[in-house]
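These are the residues of each chain, in order.
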Amino acid sequence: MTITPPALSVFETLESEVRSYCRGWPAVFDRAQGARLTDEDGHSYLDFFAGAGSLNYGHNNPVLKRALIDYIERDGITHGLDMATTAKRAFLDTFQNVVLRPRDLPYKVMFPGPTGTNAVESALKLARKVKGRESVVSFTNAFHGMSLGSLAVTGNAFKRAGAGIPLVHGTPMPFDNYFDGQVPDFLWFERLLEDQGSGLNHPAAVIVETVQGEGGINVARAEWLRALQDLCHRQDMLLIVDDIQMGCGRTGGFFSFEEAGITPDIVTLSKSISGYGLPMSLCLFKPELDVWEPGEHNGTFRGNNPAFVTAAAALDAYWADGQMEKQTLARGHQVEQTMLAICGEHDSARFRGRGLVWGLEFDDPARATAVCARAFELGMLLETSGPQSEVVKLLPPLTITPEELDEGLRTLARAVRETA
């Protein structure tokens, strides 16, 4: 397929230079369904990006679309702040019965605002309020959002620099395997905590991603996560798991931390929690941490009722019978086999991942960008990840068919060969 870049005049002349994805994918997209997008010229693209993880159930999923259309056509509440509505009640009941109770999770549910960074900000504020301490520990190559509190616990130097002011009260520690297995887990962290001369203010909390999506698809081992939870308990720190991109089934289980057998004190969700790409986020926390005063943390768009409708429909359709996790793990095995073959053909390549999130890295950091560019020319959307954009990131919809997945993996293999 030969794609002619469209005339992007209004985007180039009127839209801010801050735009990014459209630069790597020079097309004007018009329609989308399932795992495919179509541009205004009729070209079809296989989507291994999935709205940066906000479209786990694909574009315009028919089950969710039907629920949304029915709700709109009956003049259901659209904007409700934190008022009680039938749509919110239906979501809360479904979330409790389908997600929390089967996993024996005790969490209270907070609607902090429409985006992931809203959820992270509320988690940080709550942890500091509960513990009466300011410092929060994060990890190397972490990404938690673009607002100031979230940036303070984000590792990427480029994104941090955009703040324009000092980012305070956050302390980075080495993520799992940061020292290639040469240093015992948490050696540095524990030494600082126990040494009265270390200069480390005792943290209120630790925030972690089980798989660092933006940081390079860095996968934390289950035993590392369990040791981190144990350290937090021993040192009177809250454990926050940021499951914004890796939750809602991306790694297999509904929550990415299930495999490790841990129960975080606080969990943040966004992206695919609405199921349809509608803005929505949650901050979940143990009941004893619910020390908020009414209105102490709020936001105009924390009551996106259409998102409640599609979220409840997604849980009913995909999580009530336990089949989604099995399907995702099977699709993940399909990806892993292709990754093994690619790396067997190209000894400069390495891969890592879980479920349906995978990263392919090369000795030459620039190669990942070239692979993604060639994949786009071949009709496929892929993005890069990592501090130098050195990793090709695979994030297809969880509902992708085996045939579509195979097509995308063949396209990836071809793009790798043709950029060698």
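Quick caveat: nothing in here was measured; it's all calculated off a predicted structure. (Residues numbered from 1 in each chain as written. Predicted model: local features only at pLDDT ≥ 70, side-chain atom pairs only at ≥ 80, totals over all residues. Heavy atoms only, no water.)

## So, the pairing of strand β11 (residues 266-269)
- A two-sided burial pattern is seen for β11, the buried positions comprising I266 and T268 on one face and V267 and L269 on the other.
- Judged from the three bridges that link them, strand β10 (residues 238-242) and β11 form a sheet pairing that is parallel. Following the sheet pairing, D242 is matched in β11 by T268.
- Examined bridge by bridge, β11 and strand β12 (residues 282-285) share four bridges and lie antiparallel to one another. Note that in β12 the partner of I266 across the bridge is F285. (Buried < 20%, exposed > 50% of the residue type's maximum accessible area, 1.4 Å probe, protein only. Helix = DSSP H or I, 4+ residues; strand = E, 2+ residues; numbered from the N terminus. Pairing = 2+ DSSP bridges.)

## Things to note about the pattern of salt bridges
- Under the defined criterion, the tally for this structure stands at 28 salt bridges.
- The closest approach of N and O atoms between R36 and E404, which form a salt bridge, is 4.0 Å. Separated by 368 residues along the polypeptide, R36 in strand β2 (residues 36-39) and E404 in helix α14 (residues 402-418) bring together distant segments of the chain.
- You can call E404 buried: its relative accessible area is 17%.
- Two residues, R221 and D176, come together in a salt bridge whose shortest N-O distance is 2.7 Å. Taken as a pair, R221 in the loop between β9 (218-219) and α10 (222-234) and D176 in the loop between β6 (170-173) and α9 (187-194) lie far apart in primary sequence, 45 residues in all.
- Residues joined in a network through salt bridges with shared partners are D176, D185, R221 and E223. (Salt bridge = Lys/Arg side-chain N within 4 Å of Asp/Glu carboxyl O.)

## A short note on the sheet that holds β2
- Strand order in the open sheet formed by four strands is β1-β2-β3-β15, with mixed pairing between adjacent strands. The sheet is open, and its two borders are formed by β1 (29-33) and β15 (380-381), each paired with just one other strand.
- Sheet topology places β2 next to strand β3 (residues 44-47); three bridges connect them, and they run antiparallel. In the strand pairing of β3, L37 is matched with Y45.

## Details of the packing of helix α4 (residues 62-73) against helix α11 (residues 305-318)
- Viewed as axis vectors pointing N to C, α4 and α11 meet at an angle of 145 degrees, and their least axial separation amounts to 9 Å. Once α4 is placed against α11, the crossing between them reads as right-handed. Within the contact between the two elements, α4 uses V63, L64, A67, L68 and Y71 and α11 uses N305, P306, V309, T310, A313, A314 and A317. (Axes fitted to C-alpha atoms, helices over the stretch in contact; angles between N-to-C directions. Left-handed = near helix turned anticlockwise from the far one by under 90°. Contact = heavy atoms within 4.5 Å.)

## Some thoughts on the layout of surface pockets
- Here the largest pocket is characterised by a volume of approximately 1600 Å³.
- Looking at the largest pocket, it is lined by 47 residues, and the ones nearest its centre are S20, Y21, K159, E214 and E383.
- Secondary-structure elements contributing two or more residues to the lining of the largest pocket are α2 (21-24), α3 (50-53), α6 (116-131), α8 (157-161), α13 (367-377) and β16 (383-385).
- Residue composition of the lining of the largest pocket, by class: 17 nonpolar, 23 polar and seven charged. (1 Å grid on protein atoms, 1.4 Å probe; cavity = no way out; pocket = protein on both sides within 12 Å on 5 of 7 lines; lining within 4 Å. Points joined across faces, edges and corners; volume = space filled by probe spheres on them. Nonpolar A, V, L, I, M, F, W, Y, C, P; charged D, E, K, R; others polar.)

## So, the environment of Y57
- With respect to the helices and strands, Y57 occurs in the loop between α3 and α4.
- The class for Y57 is buried, based on a relative accessible area of 2%.
- In the structure, Y57 is positioned 342 residues away from T399 in sequence and 5.4 Å away in space, judged by C-alpha atoms.
- If we skip the residues at most four places from it in the chain, Y57 touches L64, C248, S272, G275, A314, Y318, W319, M324 and T399.

## Side note on the confidence of the model for the protein chain
- A residue-level look at the protein chain finds 98% of positions with pLDDT of 70 or above and a mean pLDDT of 96.
- β10 holds the highest mean pLDDT among the elements of the protein chain, 99, whereas helix α1 (residues 9-14) holds the lowest, 91. (pLDDT = per-residue confidence, 0-100.)

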